[in-house]
Amino acid sequence: DMKAAAEIFGVTEATTSIYKFDIRNGNINYVGCGSVKGHALNQFSIDEYNGYLRIATTTGSWGASLSNQLYVLDDSLKVVGEITGIAKGETIKSVRFTGDTGYVVTFEQTDPLFVIDLSNPEKPEIKGELKIPGFSTYLHPVGDNLLLGVGVDGTNDGQGNGMKVSLFDVSDPENPIEADKIEYSGINAANRWTYIYSEAFYSHKALCWNENENVMYIPYSKQDRIWASTNGEALSKTNTAGILAVKVDTQNKKLLSD
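Described in the following lines is the structure provided in the data block. Computed from a predicted structure; not experimentally measured. Each chain has its residues counted from 1, running along the sequence as written. Only residues with pLDDT of at least 70 get local features here, since the model is predicted, and only at 80 or more are side-chain atom pairs given and counted; chain-wide, interface and lining totals rely on the full set of residues. Side-chain descriptors were evaluated using all non-hydrogen atoms of the structure, hydrogens and water having been removed beforehand.

## Some points on the side chain of Ser166
Working step 1: On the secondary structure map, Ser166 appears in strand β13 (residues 162–169).
Working step 2: Here Ser166 falls in the buried class, since its relative accessible area comes to 2%.
Working step 3: Polar contact is defined as a pair of N or O atoms within 3.5 Å, subject to the rule that within protein one atom must be able to donate a hydrogen and the other to accept it, and that residues adjacent in sequence are counted only when both atoms are side-chain atoms. At 2.7 Å, the side chain of Ser166 and the side chain of Glu178 are in polar contact.
Working step 4: What makes two residues a contact is simply this: any of their non-hydrogen atoms within 4.5 Å. Beyond its immediate chain neighbours, meaning those up to four positions away, Ser166 contacts Ile132, Leu147, Leu148, Gly149, Glu178, Asp180, Lys181 and Leu255. Only DSSP runs of H or I reaching four residues or more are called helices, and only runs of E reaching two or more are called strands; each is numbered from the N terminus. Whether a residue is buried, partly exposed or exposed follows from its accessible area with a 1.4 Å probe, protein chains only, as a fraction of its type maximum: under 20%, in between, or over 50%, in that order.

## Focus on the sheet that holds strand β4 (residues 52–59)
Working step 1: Taken together, the four strands give an open sheet; going across it, the order is β3-β4-β5-β6, and neighbouring strands pair in antiparallel fashion. Because the sheet does not close on itself, it has two edges, and the strands there are β3 (46–49) and β6 (79–86). Averaged over all neighbouring strand pairs, the angle between strand axes comes to 15 degrees, with direction disregarded. For two strands to be treated as a pair, DSSP must find no fewer than two bridges joining them. A fitted line through C-alpha atoms serves as each axis, taken over the contacting stretch for helices, and the angle formed by two N-to-C directions is quoted from 0 to 180°.

## Considerations on the environment of Leu41
Working step 1: With respect to the element layout, Leu41 can be found in the loop between β2 (29–37) and β3.
Working step 2: Sequence separation between Leu41 and Val95 is 54 residues; the distance between their C-alpha atoms is 8.3 Å.

## Concerning the sheet that holds strand β11 (residues 135–142)
Working step 1: Strand order across the open sheet formed by four strands is β11-β12-β13-β14, with antiparallel pairing between neighbours. The sheet terminates laterally at β11 and β14 (177–184), the two strands that pair on one side only. On average, each strand axis in the sheet is tilted by 20 degrees relative to the strand beside it, whichever way the strands run.
Working step 2: In terms of strand pairing, β13 meets β14 through seven bridges, oriented antiparallel. Bridging across to β14, Lys164 finds its partner in Glu183.

All we've got here are geometric facts, nothing functional implied.
Spelled out as C-alpha cells, the structure:
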C-alpha cells in the first residue's frame, strides 16, 4: 500500500487548524475555526491586521517535497487570498508581518528574503526577492524602511558555522537590498575548528532590543579547537561567551558594533 508507506515515512501533508475565541468582558466563547495547508514555524508566522489573519506555512518533509505558502483569512477564518509554491525545496526560517507588508525568509543554500504586499487581502503578491548567503532566524522592523535580520552566516553552497547580522533596506519593495552586515564567521580548516552559536538562532527571547538607542543585544558562545597535525590530539580548547551589541544607524543605513 503506497499510501500507508508514505504515511510511515512522514510524507503526509500537514494541516494547521486555527480556532477563534471571543474573550471580551472576561467571557470565553468559541466563534469558529479554519485551516490551512502546512505547519507554521513560530508565533511570528501568524498575524492579525484590519480584520484579516495572515499566516505563512511550510508543506512537505524534505527535498523536492518542500514548499511554502502564505494565506490570508477573513473574519470568519475563510481563506480569501493565498500565495503558494514559494521557494520550492526550501523551508521557512523566519517571518515578520508589519502592516500591509510581510517578510518571509526561506533557506536551502542561500537566503531568499521575500517582500510580500498584503494591501489587497484577496491578492497577496510577492513584490521583491533578495538572495544572499546564510539565513535570518529573526526579523525585526526598524522604522518603516529597515529590517534587522539575526541569523546564521553561510557560504554560497549552504555551509555555515557563524553568526550574521544583516540590515535590509526595504524602502523599494521590488528591490530589497542588504544595506550592511556584520559577520562572525567560524573556521573549518585542517588543524583548526571554530564554531559560533547563539541562542537567538532558535529563540527570539534571547535577544534584547533597546528602542531608544536602536541597539540589538545578541548573546553568543564560541568554541575554538586547535589540533596537532601529527597525532590528531587537540592542542588547545577554548570556550568563550559574550554579548554582541549592534547599533542601527537609521540615517546612514549602517550597522555599528562594539
